[in-house]
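# Observations on the three-dimensional arrangement
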Amino acid sequence: DAKTTQPTSMDCAEGRAANLPCNHSTISGNEYVYWYRQIHSQGPQYIIHGLKNNETNEMASLIITEDRKSSTLILPHATLRDTAVYYCIVKTPIQGAQKLVFGQGTRLTINP
Amino acid sequence: DTGVSQDPRHKITKRGQNVTFRCDPISEHNRLYWYRQTLGQGPEFLTYFQNEAQLEKSRLLSDRFSAERPKGSFSTLEIQRTEQGDSAMYLCASSLDRGSGNTIYFGEGSWLTVV
């Protein structure tokens, strides 16, 4: 699975959009980009995933560049409860190799 | 609650004792995963099952660790002769294998403290 690079930490003001970048320059054509977050002492929570097209759900939007070498997770109106470690993961759907490999993630702090 | 359920949520044990954690995956999910997470680190993969078959084990899974999923539903993770280095959060996750883009859902984890 391709490796990802994320900033170690970020800050964002409450109510503003939080934009979390991720580089995955070695991504393969069939690898998906997944985002999870982990609030302190809890299990990782699935946020969103995508292959080529931009995706949006009730939690966030995922913007993937045309060359697929980077992506941005957008939390449109951040709240204090969005403070967490955010993990960007690329994963292949190939049979037998579907585990998630976590990096260090980005520690996002939402400030009042 | 239809999410992944783990039990117990917290366990304190003395070094050398055996401990067992149980995981109930989301109903009808055929894949089940175990991860371990220590403070300040991201979760690390331990093993996964497709139905009752254990298909992959990490090198982190020493011979003191054993995982089972006897009927393809719930799973247990046993640690024998616990050591202080086993202190961590043990995460269970499940997914429905649909061949592409399957999403993995995690439980809340079981915290182990070895004293």
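See the structure shown above.
On to the overall build of chain B. Counting its regular elements, chain B contains 0 helices and 11 strands. In sequence order, chain B lays out its α and β elements as β-β-β-β-β-β-β-β-β-β-β. Compactness check: chain B gives a C-alpha radius of gyration of 13 Å against a globular reference of 13 Å for 115 residues, within 12% of the reference. In terms of principal-axis extent, the alpha carbons of chain B reach across some 40 × 25 × 25 Å. Here the analysis covers contacts within chain B between residues at least 6 apart in sequence; of these, 54% occur between residues at least 24 apart. Summing over all exposed atoms, chain B offers an accessible surface of approximately 5800 Å²; the carbon and sulfur share of this is 44%. Separation between the mean location of the 14 positive side-chain charges and that of the 14 negative ones in chain B comes to 5 Å.

Moving on, we get to the pairing of strand 3 (residues 19–24) of chain B. Each regular strand shows side chains that alternate between the opposite faces of the sheet. Residue and element names in this part refer to chain B. Here strand 3 shows one buried face, formed by Val19, Phe21 and Cys23, and one open face, formed by Thr20, Arg22 and Asp24. Taken together, the 3 bridges between strand 1 (residues 5–7) and strand 3 define a ladder with antiparallel strand orientation. For serine 5, the partnering residue across the bridge sits in strand 3 and is aspartate 24.

To continue, consider the layout of surface pockets. In this structure, the largest pocket occupies an estimated 530 Å³ of space. As for the largest pocket, its lining consists of 28 residues, of which A:Val85, A:Tyr87, A:Arg107, B:Gln37 and B:Gly40 are closest to the centre. Looking at the lining of the largest pocket, the elements with two or more residues in it are strand 8 (84–91) and strand 9 (106–111) of chain A. In the lining of the largest pocket, the residues fall into 9 nonpolar, 18 polar and 1 charged.

Let us look at the sheet that holds strand 2 (residues 18–23) of chain A. Residues and elements named next belong to chain A. Strands sit in the order 2-7-6-5 across an open sheet of 4 strands; the sheet is antiparallel. Across the chains shown, the open sheet's two edge strands, defined by having one partner strand only, are strand 2 and strand 5 (55–56). Looking at chain direction, strand 6 (residues 61–64) and strand 7 (residues 70–75) are connected through 4 bridges and run antiparallel. Each bridged residue has a counterpart across the sheet, and for leucine 62 the counterpart in strand 7 is leucine 73.

Conventions and cut-offs
- All chains use their own residue numbering, which begins from 1 and follows the written sequence.
- Note on labels: chains are lettered from A, ligands numbered from 1, in written order.
- Given that the model is predicted, a residue must reach a pLDDT of at least 70 before its local features are reported, and side-chain atom pairs must reach 80 or more before they are shown or counted; all residues, however, enter totals for whole chains, interfaces and linings.
- Only hydrogens and water are removed before side-chain values are computed, so all heavy atoms of the structure are retained for them.
- What counts as a helix is a DSSP run of H or I of at least four residues, what counts as a strand is a run of E of at least two, and both are numbered from the N terminus.
- Atoms counted for the radius of gyration: C-alpha only. Globule rule: 2.2 Å times residue count to the power 0.38.
- We call two residues contacting when some pair of their heavy atoms lies within 4.5 Å.
- Using the Shrake-Rupley algorithm and a 1.4 Å probe, accessible areas are obtained, with residue cover drawn only from the displayed protein chains.
- Neither His nor the chain termini are counted; the positive set is Lys and Arg, and the negative set is Asp and Glu.
- Positions of charges follow a simple convention, taking NZ of Lys, CZ of Arg, CG of Asp or CD of Glu.
- Partly exposed describes any residue whose relative accessible area lies between the buried limit of under 20% and the exposed limit of over 50%, with all areas from a 1.4 Å probe on protein chains only and scaled to the type maximum.
- Strand pairing requires that DSSP identify at least two bridges connecting the strands.
- Only protein atoms enter the 1 Å grid, on which a cavity is a set of points fitting a 1.4 Å probe that cannot get out and a pocket is an open set with protein on both sides within 12 Å along at least 5 of 7 lines, lining residues being those with an atom within 4 Å of a point.
- Grid points are joined across faces, edges and corners, and a volume is the space filled by probe spheres set on the points.
- Under the scheme applied here, ten amino acids are nonpolar (Ala, Val, Leu, Ile, Met, Phe, Trp, Tyr, Cys and Pro), four are charged (Asp, Glu, Lys and Arg), and all others, including Gly, are polar.

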